[in-house]
Amino acid sequence: MSGASKDMPSPFSLEQPAAYAAWREGKLAAAPTTLAELLVEVNDPRSLSGAERNAILERVQRANMAIYAGNNGGEADPEIPRRLGEQLGLFNLDKHYLADDDGISALTVAEGNTHAEFIPYTDRAIKWHTDGYYNPPERTVRGMLLHCVDPALSGGDNQLLDHEIAYILLRDRDPELVRVLAMPDAMTIPARRETDGEARPAQSGPVFSVDDQGHLHMRYTARRISIQWKDEAAAAVAALEEILATGTPWTLRSRLEAGMGLICNNVLHDRSAFRDGGNRQRLLYRARYYERLGAPA
Ligand SMILES: [Fe+2]
């Protein structure tokens, strides 16, 4: 469902319309249109039962994502996302200098320290993106976890869209749109210090790419600042922006409550602005991995 065997004709090749049609039909037939279809209740995410693990990975196979609700809300323990990831096939964390030593970032509103100038560490909205879109190819982020220790007083919701659905909506509109977005210089991030604090050289890359296992990967940000799009990609970028802004039957809105989390193959997501207050301070752990999630047993 989430791709094809590397020995089969790739559904993501424009020269394989029959493979695309067959994959598309299966994908849309299984694609969730409600958040409830993605939700798995678990006891302790640090030690899943076999049934809980399979329930999560079955949803990931359908939708490239799952939401879990566990019983340790309020517990500020980075071992929760770390051990959860390991049970799902995620081991190699992408480390950058704002992450703690262990590679897991504590996202909370930072005041008066070096984190405060970077959007993830503020209460502001974050536009649609996939994580690590500015990373070099050897640090491609394929898997991602968000674990909510405490939610905001209000706001801080995420919209989610499986990037394979975005691919389908674009290709159905015009295959030319996905062709230009697969060009190796479709999107360039100029050299700069990025909003999450990392100093980076310029990075050019495709929006859509296919890995050596045949899985579709997407690299994207809706930010307008400090992004250079290839001229030829303008119509495709506009179409994608419209799809994300208008919403689709497969665009899901999630609010992670205490003890809940998102597990995904780096799907498209955004974040609404939020407000802390009283004794509530939003705290989420974020873990980014070089691997994709595993398959159910
Ligand atoms: Fe993100």
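Summarised in this report is the structure supplied together with it. (Residues numbered from 1 in each chain as written. Predicted model: local features only at pLDDT ≥ 70, side-chain atom pairs only at ≥ 80, totals over all residues. Heavy atoms only, no water.)

### Side note on the packing of aromatic side chains
Aromatic ring pairs are defined here through the distance separating the ring centres and the angle between the ring planes.
1) Next: Scanning all chains against the criterion turns up seven aromatic pairs.
2) Next: With 4.7 Å between their ring centres and 65° between their planes, Tyr133 and Tyr134 make a pair best called edge-to-face. For the pair Tyr133 and Tyr134, a shared accessibility class is recorded, and that class is buried.
3) Next: Through a chain of ring-to-ring contacts, the aromatic side chains of Phe12, Tyr20, Trp23, Tyr167 and Phe208 assemble into a single cluster.
4) Next: The aromatic ring of Tyr20 is capped on one face by Arg171, whose charged end is 3.8 Å from the ring centroid.
5) Next: One cation-aromatic arrangement involves Arg282 over Phe274; the distance from NZ or CZ to the ring centre is 4.8 Å. (Phe/Tyr/Trp six-rings, centres within 6.5 Å; stacked < 30°, edge-to-face > 60°. Buried < 20%, exposed > 50% of the residue type's maximum accessible area, 1.4 Å probe, protein only. Lys NZ or Arg CZ within 6 Å of the ring centre and 35° of its normal.)

### Focus: the nonpolar core
1) Next: Ranked by internal contacts, the top residues of the largest apolar core, which has 31 residues, are Leu161, Tyr167, Leu170, Leu181, Phe208, Tyr220 and Leu268.
2) Next: Elements represented by at least two residues in this core include exactly helix 1 (17-30), helix 4 (163-173), helix 5 (175-181), strand 13 (216-218) and helix 6 (234-246).
3) Next: Among the elements that line this core, the one with the most residues is helix 6, at six residues.
4) Next: Other than its neighbours up to four places away in sequence, Leu181 contacts Leu170, Ala186, Pro206, Val207, Phe208, Trp229, Ala233, Ala236 and Val237. (Core = buried A, V, L, I, M, F, W, Y, C linked by side-chain atoms within 4.5 Å. Helix = DSSP H or I, 4+ residues; strand = E, 2+ residues; numbered from the N terminus. Contact = heavy atoms within 4.5 Å.)

### Quick look at unusual backbone geometry
1) Next: The backbone of Asn64 shows a phi angle near 60°, a positive value even though the residue is not glycine.
2) Next: As for its placement among the helices and strands, Asn64 is situated in the loop between helix 2 (50-63) and strand 2 (65-69).
3) Next: One non-glycine residue, Ser226, lies in positive phi territory at about 60°.
4) Next: Within the fold, Ser226 resides in the loop between strand 13 and strand 14 (228-229).

### Re the packing of helix 4 against helix 6
1) Next: Running from amino to carboxyl end, helix 4 crosses helix 6 at an angle of 125°, the nearest separation of the two axes being 10 Å. Taken together, helix 4 and helix 6 sit at an angle that is classed as oblique. You can see that helix 4 and helix 6 cross each other, and the crossing is right-handed. The residues of helix 6 that touch helix 4, namely those facing Ala166, Leu169, Leu170 and Arg173, are Ala236, Ala239, Leu240, Glu242 and Ile243.
2) Next: Residue composition of the contact of helix 4 with helix 6, by class: seven nonpolar, no polar and two charged. (Axes fitted to C-alpha atoms, helices over the stretch in contact; angles between N-to-C directions. Parallel < 35°, antiparallel > 145°, perpendicular 65-115°, else oblique. Left-handed = near helix turned anticlockwise from the far one by under 90°. Nonpolar A, V, L, I, M, F, W, Y, C, P; charged D, E, K, R; others polar.)

### Re the coordination of the iron ion
1) Next: Coordination of the iron ion by the protein comes from His129 (NE2), Asp131 (OD) and His269 (NE2), over a distance range of 2.1 to 2.2 Å.
2) Next: Motif for the iron ion, donor spacing along one chain: H-x1-D-x137-H. In this pair, His129 sits in strand 4 (residues 126-129) while His269 sits in strand 17 (residues 268-271), placing the two residues 140 residues apart along the sequence. His269 shares its class with His129; the two are buried. (Donors = N, O, S within 2.8 Å, 3.2 Å for Na, K, Ca; no water.)

### Brief notes about the packing of helix 1 against helix 4
1) Next: It is the contact of helix 1 with helix 4, at a shortest axis distance of 11 Å, that shows an interaxial angle of 130°. Relative to helix 4, helix 1 is oriented oblique. Here the hand of the crossing between helix 1 and helix 4 comes out left-handed. Contacts between helix 1 and helix 4 involve Pro17, Tyr20, Trp23, Arg24, Lys27 and Leu28 on the former and, on the latter, Glu164, Ile165, Tyr167, Ile168, Arg171 and Asp172.
2) Next: Looking at the contact of helix 1 with helix 4, its residues break down into seven nonpolar, no polar and five charged.

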